[in-house]
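Here are the chains, one letter per residue:
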Amino acid sequence: MRRIATAVGITPMAIYHYFPNREALLTSIVDNEFGALLEFIARTPKFNSLESEMTHIMDSYIDYAFARPHIFDYVFAKPRSDARRFPHDFRARRSPTLNPIADTVARWMQRGDIKQDDVWETALEIWAHAHGYLMLQRAGRFDLSPLAFKKLLHRSLKRLLYGLKG
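Reading guide: rules and limits
Residues numbered from 1 in each chain as written. Predicted model: local features only at pLDDT ≥ 70, side-chain atom pairs only at ≥ 80, totals over all residues. Heavy atoms only, no water. Helix = DSSP H or I, 4+ residues; strand = E, 2+ residues; numbered from the N terminus. Buried < 20%, exposed > 50% of the residue type's maximum accessible area, 1.4 Å probe, protein only. 1 Å grid on protein atoms, 1.4 Å probe; cavity = no way out; pocket = protein on both sides within 12 Å on 5 of 7 lines; lining within 4 Å. Points joined across faces, edges and corners; volume = space filled by probe spheres on them. Nonpolar A, V, L, I, M, F, W, Y, C, P; charged D, E, K, R; others polar. Core = buried A, V, L, I, M, F, W, Y, C linked by side-chain atoms within 4.5 Å. Contact = heavy atoms within 4.5 Å. Axes fitted to C-alpha atoms, helices over the stretch in contact; angles between N-to-C directions.

An account of the overall build of the chain is requested, with residue identities and associated values reported.
A count of helical and extended segments in the chain gives 9 helices and 0 strands. Moving toward the C terminus, one meets the helices and strands of the chain in the order α-α-α-α-α-α-α-α-α. Judged by the C-alpha coordinates and their principal axes, the chain covers about 65 × 40 × 30 Å. Evaluated residue by residue, the chain yields a buried proportion of 36% over its 166 residues.

Give me empty space enclosed by the protein: which residues, what numbers.
Applying the stated rule across the entire model yields 1 cavity of 30 Å³ or more. Lining of the largest cavity is provided by L37, I41, I57, M58, Y61, T97, I101 and W127. When contributions to the lining of the largest cavity are tallied by element, the ones reaching two or more residues are α3 (22–42) and α4 (50–67). Taken together, the residues that form the lining of the largest cavity break down as 7 nonpolar, 1 polar and no charged.

Lay out the nonpolar core in plain terms, naming residues and giving numbers.
Membership of the largest hydrophobic core comes to 35 residues, with the highest contact counts inside it found for M54, M58, F76, I101 and V105. The set of elements that each furnish at least two residues to this core consists of α3, α4, α5 (69–77), α7 (98–111), α8 (119–138) and α9 (146–162). In terms of residue count, α4 provides more of this core than any other element does, 8 residues in total. The contacts of M54, once residues within four sequence positions are left out, are I101, T104, V105, I126, L157 and L161.

I'd like a description of the side chain of S156, backed by residues and values.
The residue S156 is located in helix α9 in this model. The residues touching S156, leaving out its near neighbours within four places in the chain, are H129 and Y133.

Residue-level account of the packing of α4 against α5, with values.
Closest axis-to-axis distance for the α4/α5 pair is 5 Å, and the angle between their directions is 115°. For the pair formed by α4 and α5, the contact residues are Y61, Y64, A65, F66 and A67 on the first element and P69, I71, F72 and F76 on the second. Among the residues making up the contact of α4 with α5, the classes are represented as 9 nonpolar, no polar and no charged.

In structure tokens:
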């Protein structure tokens, strides 16, 4: 808390006027970062296919991770007591990250373009797929430029959406 207060130019005691403890400060940061991620996703034009819409959402997630790597790691890869939990928090629409994916899945299911299934589990599967790739990328497991990494994820997402069946 002292380092943060010094960095923003206030006294260490003044920061406690705004945040009672470190956890409250970190929760506020996480909530603000979900807003930043949603700004990336909100740049969504109208799409004619599930593939292009999901690719845009996943690209937004990747762009956010590349733009804010340390915050991304804290928000999405570190255990936090206030992190949303599946299934209850997600089904209650408390996940700003998964809600746009679930809304997209529900819309495409309703149109009949993908088979009827559990919307939240399907959305979680798509998000977890991209998240897994990002975790491997963040761990240095890919020797790819950001563009080449995105193209790899696009091909993988396409296989996920259309299946591997011959």
